[in-house]
Amino acid sequence: MADVKDILGVPRGVAPALQQDAPKTKERVQRPAGMSREAFALLDGSHPIPPSHLAGDLNKKAALSGLKQKRKLSSKGLSTYQLRPFSNPARKDSLTLQHWVKCFKDAAGKLREADEVYPFAKFNKQLYIFKYDDDEWDNVLVKDPAWTREETDYLLELCELFDLRFLIIADRYTYPKGVHRSMEDIKARYYAVARQLLVGREGTEDSVANNVLVKHPFNLTHERERKRGLEMSVNRTPQQEAEENTVLEQAAQIQAARKAEQAQRKAAAPPPPAPIAATPAPGRPLLAAPSAPLPEAATPAAIPDQAPSGQSSLFTVDVAPANSLKPGVYARGRHTQEVATAQLNRVTGGQRAQKLVDTTMSELGVPGPPAVPTRATCGAYLALRAEVIAMLELRKTLQHRQAGEAGPGSDSRGRRAAKGKAPARYDTEDTPAAKRPRTSKKFSDE
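All values reported here derive from a predicted model rather than from experimental measurement.

What follows is about the packing of helix 7 (residues 183-202) against helix 9 (residues 220-234). As a packed pair, helix 7 and helix 9 sit with axes 10 Å apart at the nearest point and diverge in direction by 155°. When the axis of helix 7 is compared with that of helix 9, the two are roughly antiparallel. The way helix 7 lies across helix 9 gives a crossing that is right-handed. When helix 7 is examined against helix 9, the residues M183, E184, D185, K187 and A188 are found in contact with a partner set consisting of L220, E223, R224 and K227. In terms of residue class, the contact of helix 7 with helix 9 is built from three nonpolar, no polar and six charged.

Take a look at the structure:
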(Lines give C-alpha, C1' and ligand atoms only; values in the text may rest on other atoms or scores of the structure.)
Protein backbone atom coordinates (compact mmCIF):
# COMPACT_ATOMS: atom_id res chain seq x y z
CA MET A 1 0.00 0.00 0.00
CA ALA A 2 2.91 2.31 0.85
CA ASP A 3 4.45 1.67 -2.55
CA VAL A 4 1.24 2.63 -4.25
CA LYS A 5 1.10 5.90 -2.26
CA ASP A 6 4.66 6.65 -3.20
CA ILE A 7 3.85 6.05 -6.82
CA LEU A 8 0.74 8.24 -6.67
CA GLY A 9 2.55 10.93 -4.64
CA VAL A 10 0.23 10.62 -1.63
CA PRO A 11 1.86 11.17 1.76
CA ARG A 12 1.96 8.15 4.00
CA GLY A 13 -0.07 7.97 7.22
CA VAL A 14 -3.45 9.49 7.79
CA ALA A 15 -5.29 10.48 4.67
CA PRO A 16 -5.42 14.28 4.35
CA ALA A 17 -8.75 16.02 4.61
CA LEU A 18 -10.45 16.70 1.37
CA GLN A 19 -10.02 20.32 0.38
CA GLN A 20 -12.52 22.09 -1.82
CA ASP A 21 -10.91 23.69 -4.83
CA ALA A 22 -11.61 27.40 -5.30
CA PRO A 23 -13.77 28.15 -8.32
CA LYS A 24 -11.68 29.17 -11.34
CA THR A 25 -12.59 32.36 -13.14
CA LYS A 26 -12.64 32.07 -16.88
CA GLU A 27 -10.90 34.71 -18.88
CA ARG A 28 -13.33 36.62 -20.98
CA VAL A 29 -12.30 36.78 -24.56
CA GLN A 30 -12.96 40.18 -26.10
CA ARG A 31 -14.39 40.44 -29.55
CA PRO A 32 -11.70 41.49 -31.99
CA ALA A 33 -12.12 44.83 -33.68
CA GLY A 34 -13.72 44.45 -37.08
CA MET A 35 -15.48 41.13 -36.31
CA SER A 36 -19.24 41.13 -36.24
CA ARG A 37 -21.07 39.96 -33.14
CA GLU A 38 -22.76 37.06 -34.97
CA ALA A 39 -19.46 35.69 -36.20
CA PHE A 40 -17.98 36.00 -32.71
CA ALA A 41 -20.97 34.10 -31.20
CA LEU A 42 -20.31 31.12 -33.49
CA LEU A 43 -17.02 30.49 -31.71
CA ASP A 44 -17.51 27.93 -28.94
CA GLY A 45 -15.33 27.09 -25.97
CA SER A 46 -13.13 24.80 -28.01
CA HIS A 47 -11.98 27.78 -30.09
CA PRO A 48 -11.78 30.68 -27.66
CA ILE A 49 -9.07 32.52 -29.63
CA PRO A 50 -9.41 33.34 -33.32
CA PRO A 51 -6.79 31.88 -35.64
CA SER A 52 -3.68 33.92 -36.24
CA HIS A 53 -4.36 34.46 -39.93
CA LEU A 54 -7.84 35.72 -39.04
CA ALA A 55 -6.37 38.19 -36.54
CA GLY A 56 -3.85 39.33 -39.16
CA ASP A 57 -6.61 39.90 -41.69
CA LEU A 58 -8.63 41.81 -39.14
CA ASN A 59 -5.67 44.03 -38.26
CA LYS A 60 -4.99 44.64 -41.94
CA LYS A 61 -8.60 45.63 -42.52
CA ALA A 62 -8.44 48.01 -39.57
CA ALA A 63 -5.25 49.60 -40.99
CA LEU A 64 -6.80 49.99 -44.44
CA SER A 65 -10.10 51.29 -43.14
CA GLY A 66 -8.91 54.93 -43.41
CA LEU A 67 -8.05 54.51 -47.09
CA LYS A 68 -11.53 53.39 -48.00
CA GLN A 69 -13.13 56.59 -46.85
CA LYS A 70 -14.84 58.62 -49.47
CA ARG A 71 -12.62 61.29 -50.98
CA LYS A 72 -13.64 64.90 -50.53
CA LEU A 73 -14.32 66.53 -53.83
CA SER A 74 -12.55 69.81 -54.61
CA SER A 75 -14.47 72.91 -55.63
CA LYS A 76 -12.78 72.64 -59.02
CA GLY A 77 -14.11 69.14 -59.46
CA LEU A 78 -12.57 65.69 -59.72
CA SER A 79 -8.89 65.85 -60.67
CA THR A 80 -7.51 63.80 -63.51
CA TYR A 81 -4.38 63.83 -65.68
CA GLN A 82 -4.45 64.18 -69.45
CA LEU A 83 -1.66 64.00 -72.01
CA ARG A 84 -1.52 67.35 -73.77
CA PRO A 85 0.89 68.99 -76.26
CA PHE A 86 2.81 72.10 -75.26
CA SER A 87 5.41 74.54 -76.60
CA ASN A 88 8.09 76.46 -74.75
CA PRO A 89 7.95 80.24 -75.36
CA ALA A 90 11.72 80.45 -74.74
CA ARG A 91 12.34 78.48 -77.93
CA LYS A 92 12.15 80.12 -81.33
CA ASP A 93 11.89 76.92 -83.41
CA SER A 94 8.21 76.23 -82.45
CA LEU A 95 9.05 72.78 -81.11
CA THR A 96 5.95 70.95 -79.78
CA LEU A 97 6.21 68.27 -77.11
CA GLN A 98 3.71 66.42 -74.89
CA HIS A 99 3.38 66.14 -71.12
CA TRP A 100 0.81 65.12 -68.51
CA VAL A 101 -1.36 67.99 -67.33
CA LYS A 102 -3.66 68.03 -64.31
CA CYS A 103 -7.30 68.68 -65.35
CA PHE A 104 -10.63 68.70 -63.51
CA LYS A 105 -14.04 67.14 -64.17
CA ASP A 106 -17.19 68.77 -62.94
CA ALA A 107 -20.33 66.97 -61.67
CA ALA A 108 -21.63 66.59 -65.20
CA GLY A 109 -18.41 64.87 -66.30
CA LYS A 110 -17.28 67.79 -68.43
CA LEU A 111 -13.49 68.08 -68.61
CA ARG A 112 -12.02 71.50 -67.93
CA GLU A 113 -8.64 72.13 -69.49
CA ALA A 114 -5.75 73.42 -67.36
CA ASP A 115 -3.84 76.64 -67.99
CA GLU A 116 -2.05 76.57 -71.30
CA VAL A 117 0.90 78.70 -70.08
CA TYR A 118 4.04 76.65 -69.69
CA PRO A 119 4.90 76.88 -65.94
CA PHE A 120 8.67 76.95 -66.47
CA ALA A 121 8.59 79.85 -68.94
CA LYS A 122 8.96 82.34 -66.07
CA PHE A 123 12.48 81.06 -65.41
CA ASN A 124 13.66 82.12 -68.87
CA LYS A 125 15.66 85.20 -67.80
CA GLN A 126 17.54 86.98 -70.58
CA LEU A 127 20.20 89.67 -70.27
CA TYR A 128 19.79 93.08 -71.83
CA ILE A 129 22.31 93.47 -74.64
CA PHE A 130 23.02 96.99 -75.87
CA LYS A 131 22.40 97.48 -79.57
CA TYR A 132 22.51 100.55 -81.76
CA ASP A 133 20.89 101.83 -84.92
CA ASP A 134 22.31 103.86 -87.80
CA ASP A 135 21.77 107.21 -86.08
CA GLU A 136 23.53 106.10 -82.88
CA TRP A 137 26.41 104.59 -84.85
CA ASP A 138 26.98 107.89 -86.65
CA ASN A 139 26.42 110.36 -83.78
CA VAL A 140 26.87 108.59 -80.42
CA LEU A 141 29.57 105.95 -80.76
CA VAL A 142 33.20 106.97 -80.96
CA LYS A 143 34.83 105.38 -83.97
CA ASP A 144 37.57 102.87 -83.21
CA PRO A 145 39.87 102.22 -86.20
CA ALA A 146 40.54 98.68 -84.98
CA TRP A 147 36.81 97.74 -85.16
CA THR A 148 34.46 98.00 -88.10
CA ARG A 149 30.70 98.11 -87.84
CA GLU A 150 30.32 94.62 -89.33
CA GLU A 151 32.67 93.11 -86.77
CA THR A 152 30.96 95.02 -83.94
CA ASP A 153 27.57 93.67 -85.07
CA TYR A 154 29.04 90.16 -85.12
CA LEU A 155 30.34 90.65 -81.56
CA LEU A 156 26.94 91.84 -80.27
CA GLU A 157 25.22 88.83 -81.87
CA LEU A 158 27.58 86.47 -80.06
CA CYS A 159 27.03 88.35 -76.79
CA GLU A 160 23.27 87.91 -77.17
CA LEU A 161 23.60 84.26 -78.17
CA PHE A 162 25.82 83.25 -75.24
CA ASP A 163 24.46 85.71 -72.59
CA LEU A 164 27.78 87.58 -72.11
CA ARG A 165 29.71 84.41 -71.24
CA PHE A 166 32.97 85.84 -72.50
CA LEU A 167 34.90 82.57 -72.17
CA ILE A 168 32.54 80.93 -74.67
CA ILE A 169 32.41 84.06 -76.85
CA ALA A 170 36.21 84.17 -77.10
CA ASP A 171 36.27 80.46 -77.96
CA ARG A 172 33.60 80.79 -80.69
CA TYR A 173 34.82 84.13 -82.06
CA THR A 174 35.74 83.45 -85.69
CA TYR A 175 35.09 86.59 -87.70
CA PRO A 176 36.00 86.02 -91.36
CA LYS A 177 38.98 88.01 -92.55
CA GLY A 178 39.43 89.45 -89.10
CA VAL A 179 42.35 89.63 -86.72
CA HIS A 180 42.67 87.49 -83.61
CA ARG A 181 40.75 88.93 -80.66
CA SER A 182 41.57 88.03 -77.10
CA MET A 183 38.97 87.89 -74.37
CA GLU A 184 40.23 91.21 -72.97
CA ASP A 185 39.81 92.89 -76.39
CA ILE A 186 36.25 91.54 -76.69
CA LYS A 187 35.35 92.77 -73.18
CA ALA A 188 36.85 96.19 -73.79
CA ARG A 189 34.95 96.66 -77.07
CA TYR A 190 31.57 95.55 -75.71
CA TYR A 191 31.75 97.60 -72.50
CA ALA A 192 32.97 100.68 -74.41
CA VAL A 193 29.99 100.46 -76.78
CA ALA A 194 27.55 99.83 -73.90
CA ARG A 195 28.91 102.78 -71.88
CA GLN A 196 28.72 105.18 -74.82
CA LEU A 197 25.16 104.12 -75.68
CA LEU A 198 24.06 104.43 -72.05
CA VAL A 199 25.46 107.95 -71.66
CA GLY A 200 24.22 109.04 -75.11
CA ARG A 201 20.65 107.88 -74.45
CA GLU A 202 20.48 109.56 -71.03
CA GLY A 203 22.01 112.82 -72.25
CA THR A 204 24.69 113.40 -69.60
CA GLU A 205 27.08 111.24 -67.66
CA ASP A 206 25.91 112.64 -64.30
CA SER A 207 22.42 111.18 -64.75
CA VAL A 208 23.87 107.63 -64.86
CA ALA A 209 26.78 108.19 -62.51
CA ASN A 210 25.66 105.33 -60.24
CA ASN A 211 25.45 102.81 -63.05
CA VAL A 212 28.14 100.15 -62.82
CA LEU A 213 29.22 100.73 -66.43
CA VAL A 214 29.97 104.39 -65.66
CA LYS A 215 31.07 104.06 -62.05
CA HIS A 216 33.53 101.22 -62.73
CA PRO A 217 34.59 101.34 -66.39
CA PHE A 218 36.49 98.42 -67.82
CA ASN A 219 40.27 98.92 -67.72
CA LEU A 220 42.00 96.92 -70.43
CA THR A 221 45.54 97.54 -69.15
CA HIS A 222 44.68 96.57 -65.58
CA GLU A 223 42.94 93.38 -66.74
CA ARG A 224 45.99 92.31 -68.76
CA GLU A 225 48.37 93.03 -65.90
CA ARG A 226 46.13 91.12 -63.50
CA LYS A 227 46.04 88.04 -65.69
CA ARG A 228 49.76 88.24 -66.33
CA GLY A 229 50.37 88.32 -62.58
CA LEU A 230 48.10 85.32 -62.09
CA GLU A 231 49.91 83.39 -64.80
CA MET A 232 53.27 84.17 -63.21
CA SER A 233 51.97 83.08 -59.81
CA VAL A 234 50.57 79.82 -61.18
CA ASN A 235 53.64 79.00 -63.28
CA ARG A 236 56.13 79.42 -60.44
CA THR A 237 58.47 76.51 -59.91
CA PRO A 238 59.15 74.99 -56.48
CA GLN A 239 62.63 76.54 -56.58
CA GLN A 240 61.18 80.04 -57.04
CA GLU A 241 58.77 79.51 -54.17
CA ALA A 242 61.62 78.34 -51.95
CA GLU A 243 63.69 81.42 -52.88
CA GLU A 244 60.76 83.70 -52.08
CA ASN A 245 60.28 82.05 -48.69
CA THR A 246 64.01 82.46 -47.99
CA VAL A 247 63.81 86.19 -48.80
CA LEU A 248 60.82 86.62 -46.46
CA GLU A 249 62.64 84.80 -43.65
CA GLN A 250 65.72 87.01 -44.12
CA ALA A 251 63.53 90.13 -44.03
CA ALA A 252 61.97 88.94 -40.77
CA GLN A 253 65.42 88.34 -39.27
CA ILE A 254 66.62 91.80 -40.32
CA GLN A 255 63.55 93.39 -38.77
CA ALA A 256 64.06 91.47 -35.52
CA ALA A 257 67.72 92.58 -35.42
CA ARG A 258 66.70 96.23 -35.92
CA LYS A 259 64.19 96.00 -33.07
CA ALA A 260 66.83 94.47 -30.77
CA GLU A 261 69.32 97.20 -31.73
CA GLN A 262 66.79 99.93 -30.98
CA ALA A 263 66.02 98.35 -27.61
CA GLN A 264 69.74 98.27 -26.75
CA ARG A 265 70.15 101.94 -27.69
CA LYS A 266 67.25 102.93 -25.45
CA ALA A 267 68.64 100.89 -22.58
CA ALA A 268 72.18 102.37 -22.99
CA ALA A 269 70.98 105.98 -23.29
CA PRO A 270 71.79 108.09 -20.18
CA PRO A 271 68.82 109.19 -18.08
CA PRO A 272 67.75 112.85 -18.30
CA PRO A 273 69.53 115.12 -15.77
CA ALA A 274 67.59 115.68 -12.56
CA PRO A 275 66.85 119.29 -11.46
CA ILE A 276 69.50 120.70 -9.08
CA ALA A 277 68.12 121.94 -5.77
CA ALA A 278 69.60 125.36 -4.83
CA THR A 279 69.46 127.33 -1.57
CA PRO A 280 67.73 130.67 -1.99
CA ALA A 281 69.67 133.78 -1.11
CA PRO A 282 68.23 135.97 1.67
CA GLY A 283 65.54 138.26 0.31
CA ARG A 284 65.51 136.55 -3.14
CA PRO A 285 63.00 133.84 -4.10
CA LEU A 286 64.10 130.54 -5.55
CA LEU A 287 63.64 130.15 -9.30
CA ALA A 288 61.58 127.12 -10.28
CA ALA A 289 63.63 124.63 -12.25
CA PRO A 290 62.07 123.48 -15.53
CA SER A 291 60.46 120.05 -15.32
CA ALA A 292 61.94 119.05 -18.69
CA PRO A 293 64.55 120.46 -21.09
CA LEU A 294 63.26 123.00 -23.55
CA PRO A 295 62.40 121.45 -26.88
CA GLU A 296 64.10 122.83 -29.91
CA ALA A 297 61.74 124.09 -32.61
CA ALA A 298 63.14 123.44 -36.05
CA THR A 299 61.62 124.10 -39.44
CA PRO A 300 61.51 120.79 -41.38
CA ALA A 301 62.80 120.67 -44.91
CA ALA A 302 60.49 120.26 -47.88
CA ILE A 303 59.22 116.69 -48.18
CA PRO A 304 59.27 115.27 -51.73
CA ASP A 305 56.47 113.13 -53.11
CA GLN A 306 58.81 110.27 -53.95
CA ALA A 307 60.74 108.59 -51.14
CA PRO A 308 64.51 108.15 -51.66
CA SER A 309 65.69 104.68 -52.56
CA GLY A 310 66.02 102.41 -49.56
CA GLN A 311 63.69 104.49 -47.34
CA SER A 312 60.06 104.04 -46.42
CA SER A 313 57.43 106.41 -47.81
CA LEU A 314 55.67 106.52 -44.41
CA PHE A 315 56.66 108.59 -41.37
CA THR A 316 57.12 108.07 -37.65
CA VAL A 317 56.10 110.30 -34.76
CA ASP A 318 59.29 112.36 -35.22
CA VAL A 319 58.51 112.84 -38.96
CA ALA A 320 61.31 110.49 -39.96
CA PRO A 321 61.10 107.63 -42.51
CA ALA A 322 59.42 104.60 -40.87
CA ASN A 323 62.00 102.04 -41.93
CA SER A 324 61.21 99.76 -38.97
CA LEU A 325 57.71 98.83 -40.14
CA LYS A 326 56.88 95.26 -41.01
CA PRO A 327 56.94 94.40 -44.72
CA GLY A 328 53.46 94.69 -46.20
CA VAL A 329 50.88 97.06 -47.63
CA TYR A 330 49.83 100.11 -45.58
CA ALA A 331 47.09 102.66 -46.21
CA ARG A 332 48.87 106.02 -46.03
CA GLY A 333 45.83 107.95 -44.77
CA ARG A 334 45.10 105.50 -41.96
CA HIS A 335 48.77 105.27 -40.97
CA THR A 336 48.96 109.09 -40.83
CA GLN A 337 45.99 109.19 -38.44
CA GLU A 338 47.64 106.58 -36.19
CA VAL A 339 50.89 108.60 -36.11
CA ALA A 340 48.92 111.79 -35.30
CA THR A 341 47.26 109.98 -32.38
CA ALA A 342 50.67 108.80 -31.16
CA GLN A 343 51.90 112.42 -31.26
CA LEU A 344 48.99 113.47 -29.05
CA ASN A 345 49.77 110.70 -26.56
CA ARG A 346 53.23 112.23 -26.03
CA VAL A 347 51.79 115.59 -24.99
CA THR A 348 52.01 116.27 -21.25
CA GLY A 349 48.97 117.76 -19.59
CA GLY A 350 46.22 115.23 -20.27
CA GLN A 351 43.16 115.65 -22.43
CA ARG A 352 43.08 119.41 -21.95
CA ALA A 353 46.48 119.83 -23.58
CA GLN A 354 45.54 117.40 -26.38
CA LYS A 355 42.36 119.36 -27.08
CA LEU A 356 44.43 122.55 -27.20
CA VAL A 357 46.59 120.99 -29.95
CA ASP A 358 43.50 120.20 -32.06
CA THR A 359 42.10 123.69 -31.45
CA THR A 360 45.37 125.29 -32.58
CA MET A 361 45.42 123.16 -35.73
CA SER A 362 41.85 124.23 -36.53
CA GLU A 363 42.80 127.88 -36.07
CA LEU A 364 45.62 127.37 -38.55
CA GLY A 365 43.11 126.03 -41.10
CA VAL A 366 44.07 122.34 -40.83
CA PRO A 367 41.23 120.71 -38.87
CA GLY A 368 42.06 117.14 -39.91
CA PRO A 369 44.31 114.87 -41.96
CA PRO A 370 44.79 115.72 -45.65
CA ALA A 371 42.02 114.66 -48.00
CA VAL A 372 44.57 113.48 -50.59
CA PRO A 373 47.12 111.51 -48.54
CA THR A 374 50.27 111.85 -50.64
CA ARG A 375 53.72 111.57 -49.10
CA ALA A 376 54.29 115.32 -49.23
CA THR A 377 50.91 116.29 -47.71
CA CYS A 378 51.08 113.66 -44.96
CA GLY A 379 54.65 114.63 -44.06
CA ALA A 380 53.78 118.35 -43.95
CA TYR A 381 50.72 117.62 -41.81
CA LEU A 382 52.71 115.60 -39.26
CA ALA A 383 55.51 118.18 -39.24
CA LEU A 384 53.01 120.97 -38.55
CA ARG A 385 51.51 119.01 -35.65
CA ALA A 386 54.99 118.45 -34.22
CA GLU A 387 55.71 122.21 -34.42
CA VAL A 388 52.40 123.05 -32.72
CA ILE A 389 53.13 120.59 -29.91
CA ALA A 390 56.65 122.01 -29.49
CA MET A 391 55.26 125.57 -29.41
CA LEU A 392 52.72 124.67 -26.71
CA GLU A 393 55.43 122.96 -24.64
CA LEU A 394 57.64 126.06 -24.94
CA ARG A 395 54.77 128.29 -23.88
CA LYS A 396 54.06 126.09 -20.84
CA THR A 397 57.73 126.07 -19.81
CA LEU A 398 57.95 129.86 -20.23
CA GLN A 399 54.94 130.34 -17.97
CA HIS A 400 56.53 128.15 -15.27
CA ARG A 401 59.77 130.15 -15.42
CA GLN A 402 57.99 133.49 -15.25
CA ALA A 403 56.03 132.27 -12.25
CA GLY A 404 59.26 131.17 -10.54
CA GLU A 405 61.00 134.52 -11.17
CA ALA A 406 58.04 136.45 -9.78
CA GLY A 407 58.40 134.62 -6.44
CA PRO A 408 56.12 132.45 -4.37
CA GLY A 409 52.55 133.65 -4.03
CA SER A 410 52.69 135.86 -7.09
CA ASP A 411 50.78 133.36 -9.11
CA SER A 412 47.86 133.42 -6.67
CA ARG A 413 47.84 137.22 -6.58
CA GLY A 414 47.95 137.30 -10.36
CA ARG A 415 45.00 134.97 -10.61
CA ARG A 416 43.04 137.05 -8.08
CA ALA A 417 43.77 140.22 -9.98
CA ALA A 418 42.79 138.56 -13.26
CA LYS A 419 39.46 137.52 -11.72
CA GLY A 420 38.84 141.02 -10.33
CA LYS A 421 39.14 140.02 -6.67
CA ALA A 422 40.81 141.93 -3.88
CA PRO A 423 44.22 140.75 -2.71
CA ALA A 424 44.53 138.45 0.24
CA ARG A 425 44.10 139.93 3.70
CA TYR A 426 47.72 139.57 4.77
CA ASP A 427 49.36 140.21 1.36
CA THR A 428 51.48 143.28 2.18
CA GLU A 429 54.88 144.45 1.18
CA ASP A 430 56.38 143.34 4.49
CA THR A 431 56.14 139.66 3.93
CA PRO A 432 57.50 138.43 7.34
CA ALA A 433 55.13 140.72 9.30
CA ALA A 434 52.20 139.82 7.11
CA LYS A 435 52.67 136.16 7.86
CA ARG A 436 52.86 136.59 11.67
CA PRO A 437 50.05 134.79 13.49
CA ARG A 438 47.15 136.88 14.64
CA THR A 439 47.06 137.49 18.45
CA SER A 440 44.01 137.92 20.55
CA LYS A 441 43.05 141.43 21.67
CA LYS A 442 42.96 140.40 25.31
CA PHE A 443 46.61 139.36 25.43
CA SER A 444 47.76 142.33 23.37
CA ASP A 445 46.24 144.76 25.89
CA GLU A 446 48.14 143.10 28.67
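Our next topic: the sheet that holds strand 2 (residues 96-105). Across the sheet, three strands lie side by side as 1-2-3; this open sheet has antiparallel pairing. Taken across any chain shown, the strands that pair with only one partner, and hence form the sheet edges, are strand 1 (78-87) and strand 3 (111-112). Taken together, the ten bridges between strand 1 and strand 2 define a ladder with antiparallel strand orientation. Its bridge partner being in strand 2, T80 is matched across the sheet by C103.

With that settled, consider the pairing of strand 2. Two strands pair when backbone bridges link them, and strand 2 and strand 3 are joined in this way by two bridges, in the antiparallel orientation. Within the sheet, the bridge partner assigned to F104 lies in strand 3 and is R112.

Looking at the element boundaries, M361 is found in helix 12 (residues 350-363). Among the residues examined, M361 registers a relative accessible area of 2% and is labelled buried. Sequence separation between M361 and R385 is 24 residues, and the spatial gap between their C-alpha atoms is 7.4 Å.

Any two packed helices are characterised by the angle at which their axes cross and by the distance between the axes. For the pair helix 5 (residues 149-161) and helix 7, interaxial distance at closest approach is 11 Å and the crossing angle is 95°. Looking at the two axes, helix 5 sits roughly perpendicular to helix 7. For the pair helix 5 and helix 7, the contacting residues are T152, L155, L156 and C159 in the first and I186, R189, Y190 and V193 in the second. Its residues assigned to classes, the contact of helix 5 with helix 7 shows six nonpolar, one polar and one charged.

Here is what the cut-offs are and how they apply
Residues numbered from 1 in each chain as written. Predicted model: local features only at pLDDT ≥ 70, side-chain atom pairs only at ≥ 80, totals over all residues. Heavy atoms only, no water. Axes fitted to C-alpha atoms, helices over the stretch in contact; angles between N-to-C directions. Helix = DSSP H or I, 4+ residues; strand = E, 2+ residues; numbered from the N terminus. Parallel < 35°, antiparallel > 145°, perpendicular 65-115°, else oblique. Left-handed = near helix turned anticlockwise from the far one by under 90°. Contact = heavy atoms within 4.5 Å. Nonpolar A, V, L, I, M, F, W, Y, C, P; charged D, E, K, R; others polar. Pairing = 2+ DSSP bridges. Buried < 20%, exposed > 50% of the residue type's maximum accessible area, 1.4 Å probe, protein only.

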